[in-house]
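A structural walkthrough
Now for the letters of each chain:
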Amino acid sequence: MSEKKEKRILAAILPLIVVLMLIVWGVKPRTGETTVMTSANGEWDLTSSGLMQKNVRVTGDVEYVPDALLTPQEFSGRTDICLGQPDNGTQYATSRMRLKVPRGSYLICGYSVDFASRMYVNGELLFEAGVPGENRETTTPGVKFYVLPVSPDENGEIVIVQQASNFTHKDSGTHGTLYIGLPEQINRYVLRNLCPEVVLMGCYLVLFIVHMVLYTMMQHYKPNLLFALFCLTWFIRTGVTGQRILGAVLPNLPWTVIFRLEYLTMPLSGILLVWLLYLLFPGVLQKWFPPAASILCGCFAAIDIFGPTLLMSYTAVWRVGILGLIGMYFFIRLIFQKQRPDTGQLAVLAGFAFLLFAALWDMLYHMDIHMLPALRFAVSEMSMAVFVLFAMTALFFGTMSEVRRAKEREERMAAEKEMMAEMNRMKNQFYTDMSHEMKTPLTVISVNAQFAAQNIGTGVVDEETVADLNAISTEARRLAQMVTSLVGLGRMQGTDSVCKRLDLESLIVETVRIYQSMFARQGNTLTAKTEPGLPPVEGSADQLVQVLINLLSNANRHTKNGTVLVRAEALEHQVRVSVADDGDGISRELLPHVFERFRRGDEGVTGLGLTICKTIIEGHGGQIGVQSEEGKGAEVWFTLPAKEVEHERDRDNPAGGGR
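As the structure is a computational prediction, the values presented were derived from the model and not from experiment.

Considerations on the pattern of salt bridges
Across all of its chains, the model carries twelve salt bridges by this definition. Residue Lys614 is joined to Glu618 by a salt bridge in which the shortest nitrogen-to-oxygen separation is 2.7 Å. With Lys614 and Glu618 both in helix H15 (residues 609-619) and four residues apart, the pair spans about one turn of that helix. One network of salt bridges, with partners in common, ties together Glu43, Glu63, Arg96 and Arg98.

Written out as structure tokens, the structure reads:
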């Protein structure tokens, strides 16, 4: 897929992701769907607030007694009741809220006061999160989301008394903030808050599984592993924040574990994100930066695992600040590098841009400034989901590129394997060719050596003995040249393979003379008939002799007590040489294939001789052919370009080009 096409796909997918996440997050209750009521002296009059039509969020000052854990009856008898909110220096307190509502049945919902609380409604204990105490030893921290059924008393009031203790966090939590409404309205409110978080957790979990599978398939592509762990981290974080789904699914999970997980996910996210950016944007971050950032974030992670919860809460601002500095450093480096981002990098950068936009959106939202009045809700969690999905898109393109590279590597390896196989095949062919080419001179040497030994043994050393010894010497010399030059199939290049002007008549006569004794052992007669005044040819003497030897060997092998004639004659601009015998001939089925490699007519031969002849003759600019009728012998002929014509043209045109 081309980069241009990838960018077109990216331009279509990224806005679609944003729209889908806005739809999912748009399920959450909006600001305009809830009435906000502020207390007056710790009391809320909801009789005319439209409570029967929409939910009411109650907030503001409460009545409270600091440094005391009181029952509703004990609270009513105190004379030191304060109005407002307990400050952060108050580690335990009791508060009271009085809500005047119309007659009916309602639900109240919200989060318990951080970080251990007990709630009484109209004097009855309805809810407890952890165990409030007057010191760290007697307090068991806990935070829960509650949905409680309530009804007004005979005075038309709902009186809520809360005991709260905090020895684990620097903030004391807020007393007197909850939602109240009819049961169907509150249930719908809770469900609408819950659904987006369930969807996000499902997305994170699916992405974790998918990218872990991709990593197991392509372990050399590390971004898939980092992104899978990043998604798992945010699956956990979403489950321990907001509606605290993991706490509801695992009710026996200790509060401290949930609290530590909530904080631990931030430094882990920072470590994974830095390494992910390092791999996705090569060259932007220096090699030392990811380890350094990991050590810094790892210090916070160590605090989250082993340190006291109070210390964790005091480092919260530092965590956010350091992560922000890491992000700023990355963007500064990216700007100064002036790299042209590819498709995947554009997706990641778009995700970062959306995170920055979401931060601005939420800042204005908390200041009651709405950029889009129709969308009145915070989008921080949604923006992280958008970033994750953008990064998923980037990794999709990265994974596809990696698949393409893997396929190219596989094809390259297959090509190399095929090349090695071809080289091995050529090596085997070379060995076969060498054995074939060396067999004939060795046979000549053996035969002539036997003849010479017989003559010497009988005390007869005549001209025939000398000719036999000369033949042995000639063939041994040719064999030495053959070994030295590493004869190849396509073109046997030896020390004497340089093309030069040759007297073809003397070459034929000498070759025939050498081989006559070998033919005699088979009972055959070998003769040569050359036309007087044959024009010279140009070529390699060794290679042309090899052609003659191959043809003579074939003729001798297929002839018994017969004759073999080597004829040479001049044609127009050519010299034609033929080797004819009156032996077995060639079958009709084999005749069209005699020049093919390993096609042979009898056992014990390689089927390479005529193939080599054809290669040599065509390399000299000539042609080769065969004529045969089974049982009546065979004639193999070849032609070579004559050089005399060129000399005649040179004599006619001494200037070399004038007319």
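From this point, the narrative continues.
As for unusual backbone geometry
For Asn561, which is not glycine, the phi dihedral falls at a positive 55°. Checked against the element boundaries, Asn561 lands in the loop between helix H14 (541-557) and strand E16 (563-571). Here Asn561 falls in the exposed class, since its relative accessible area comes to 59%. Backbone geometry places His573, a non-glycine residue, at a positive phi of 65°. Tracing the backbone shows His573 in the loop between E16 and strand E17 (574-581). His573 sits in the partly exposed class, given a relative accessible area of 45%.

Concerning the sheet that holds E16
With mixed pairing, five strands are arranged side by side in an open sheet as E14-E16-E17-E19-E18. At either margin of the open sheet sits one strand with a lone partner, and together these are strand E14 (525-530) and strand E18 (623-628). Strand-to-strand, the axes of this sheet are offset by a mean angle of 15°, without reference to chain direction. Strand contacts of helix H13 (residues 504-521): E14, E16, E17 and strand E19 (634-641), with the helix running at about 170° to E14, the strand carrying the most contacts.

Definitions and cut-offs
Residues numbered from 1 in each chain as written. Predicted model: local features only at pLDDT ≥ 70, side-chain atom pairs only at ≥ 80, totals over all residues. Heavy atoms only, no water. Salt bridge = Lys/Arg side-chain N within 4 Å of Asp/Glu carboxyl O. Helix = DSSP H or I, 4+ residues; strand = E, 2+ residues; numbered from the N terminus. Buried < 20%, exposed > 50% of the residue type's maximum accessible area, 1.4 Å probe, protein only. Pairing = 2+ DSSP bridges. Axes fitted to C-alpha atoms, helices over the stretch in contact; angles between N-to-C directions. Contact = heavy atoms within 4.5 Å.

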